[in-house]
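Commentary on secondary and tertiary structure
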Amino acid sequence: MNGILTAAAAAALMIALSPPPSQAQAQTRVVPFPGAVRPTTAPPKGPPGPVPHMPDGKPDLSGIWNGQRALPNQPEPEMVPWAAALTKQRTENYSADDPEARCIPAGVPRATPYHYQIVQTPSLVLMLIEGNIHTFRQIFLDRKEHLKLSQPLWYGDSIGHWEGDTLVVDTIGFNDKFWFDMAGHPHTSQLHVIERYHRRDFGDLEVQVTIDDPGAYTKPWVVNRVSTLETQIEISEYVCNENNTDTLHLVGR
Amino acid sequence: MQKTMSCGVLLFAMPLLAHHSFEAEYDFNKQIKLTGTVTKMEWMNPHAHFYVDSKDESGAVTHWNFELGAIPVLLKQGWRKDSLKVGDQVSVEGFLAKDGTKGMANARRVLLPDGRRVFGGSSADTNANQ
């Protein structure tokens, strides 16, 4: 293509090259919202079929799941003034200081586009996280009390129990170093996250996240997400620091 | 070997990178489109990169460093480690780096040697839900 494109031609070109409508992420818009982008359409559904069960009768959540996607029409969190101001500052600077861009752990409950694999036993559920850093979460089903931690953690201390067919994961003990999303929603070490995992059918995992942090938010708030089952691939190796050449070029505004 | 730059308002939804904010690093208003020869492929996380030498009408060669998405995202979009080979002729559409680093850009679309067009994976089409 020769010559300078006009703005209209450029727009037409980009529309013509846009991904197909099935790619819901292409139909999103940015707002200050946990998840950074508020989806306008529901995520696609996973493969159909019945929910598999463990020998103990509990639903089997094992499998490779696509990164959690927020459902449309999620509420905005109500922040205390310092948190609102910080989020605004981070967003207006195009999230140039996002720790995740430095290969820092994403913490909980940040959603990513990467897969995670659930490995379930009666006493322990593991989440093998493909990226942003290649790591894991441990959810202990065999104790009822949180550990008395000597220092706060990136992923906190998670204990779980079953409420019917829903795995309820209760996590405290976080440090305050990670962002909830690319918009830059902050938190404090008072953060308490409750995740409710419900395998609706074979291919869809509903995840309801309640975020309670009186240090940064005026009241607890809830985000509803879904992961779809990935049946075609394995989670891949992901070494974030191998080629992270962006850091010097994240200039923001 | 041709190169076209454009400054225009793009009408699609603002995209984000999987690993870092797109607009922290690249400029939507500085679109690049060029053809050239692949000189190197880096199949690594958090972003794959490929390098292209492109010659303008005067014969001057520019060395381009194009950022792609993370490998898990690229795999889903049809990329493979050997999708681009040194010596391949490719056509690339993308966006220039904000900080003005010469030859640095984000690839939004790449036309592969076999005619397949794939998304860059990192700029506009990755899962932005994070």
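Residues numbered from 1 in each chain as written. Chains lettered and ligands numbered in written order. Predicted model: local features only at pLDDT ≥ 70, side-chain atom pairs only at ≥ 80, totals over all residues.

Attention now moves to the overall build of chain A. When its secondary structure is counted, chain A shows 2 helices and 12 strands. For chain A, the sequential pattern of α-helices and β-strands runs α-β-β-β-β-α-β-β-β-β-β-β-β-β. Burial analysis of chain A (253 residues in total) assigns 38% to the buried set. Put simply, of all contacts in chain A between residues at least 6 apart along the chain, 61% involve residues at least 24 apart. (Helix = DSSP H or I, 4+ residues; strand = E, 2+ residues; numbered from the N terminus. Buried ≥ 20, exposed ≤ 12 C-beta atoms within 10 Å, placed from the backbone. Contact = placed C-beta atoms within 7 Å.)

All names here are of chain A. Spatially, 3-5-6-7-8-9-10-11-12-4 is the arrangement adopted by the 10 strands of the open sheet, whose pairing is mixed. Edge positions in the sheet fall to strand 3 (63-65) and strand 4 (69-70), since each has one partner strand and no second. Summarising the sheet, strand 10 (residues 192-199) and strand 11 (residues 204-212) pair through 8 bridges and their orientation is antiparallel. Its bridge partner lying in strand 11, Arg 196 is registered against Gln 208. (Pairing = 2+ DSSP bridges.)

Residue and element names in this part refer to chain A. Taking 1.5 Å of rise per residue, 12 residues should cover 16 Å, and helix 2 (residues 81-92) covers 16 Å from first to last C-alpha, within 8% of that figure. Among all positions of helix 2, only Ala 83, Thr 87, Arg 90 and Thr 91 are buried. In an axial view of helix 2, the angular spread of the buried residues amounts to 95°, which keeps them on one side of the axis. In helix 2, those exposed residues whose orientation departs by more than 90 degrees from the buried face are Pro 81, Trp 82, Ala 85, Gln 89 and Glu 92. One or two positions beyond helix 2, positive phi appears at Tyr 94, with a value near 55°. (Expected span 1.5 Å × (residues − 1). Arc of directions from axis to C-beta.)

Backbone phi values are negative for most residues with the exception of glycine, while trans is the configuration of most peptide bonds. Residues and elements named next belong to chain A. With an omega of 10°, the peptide bond running from Val 108 to Pro 109 counts as cis. In this structure, Pro 109 sits in the loop between helix 2 and strand 5 (116-120). Phi is positive for Tyr 94, which is not a glycine, with a value near 55°. Position of Tyr 94 among the secondary structure elements: in the loop between helix 2 and strand 5. Among the residues examined, Tyr 94 registers 24 C-beta atoms within 10 Å and is labelled buried. Located in the positive-phi region is Ser 95, a residue other than glycine, with phi close to 60°. For Ser 95, the location among the structural elements is in the loop between helix 2 and strand 5.

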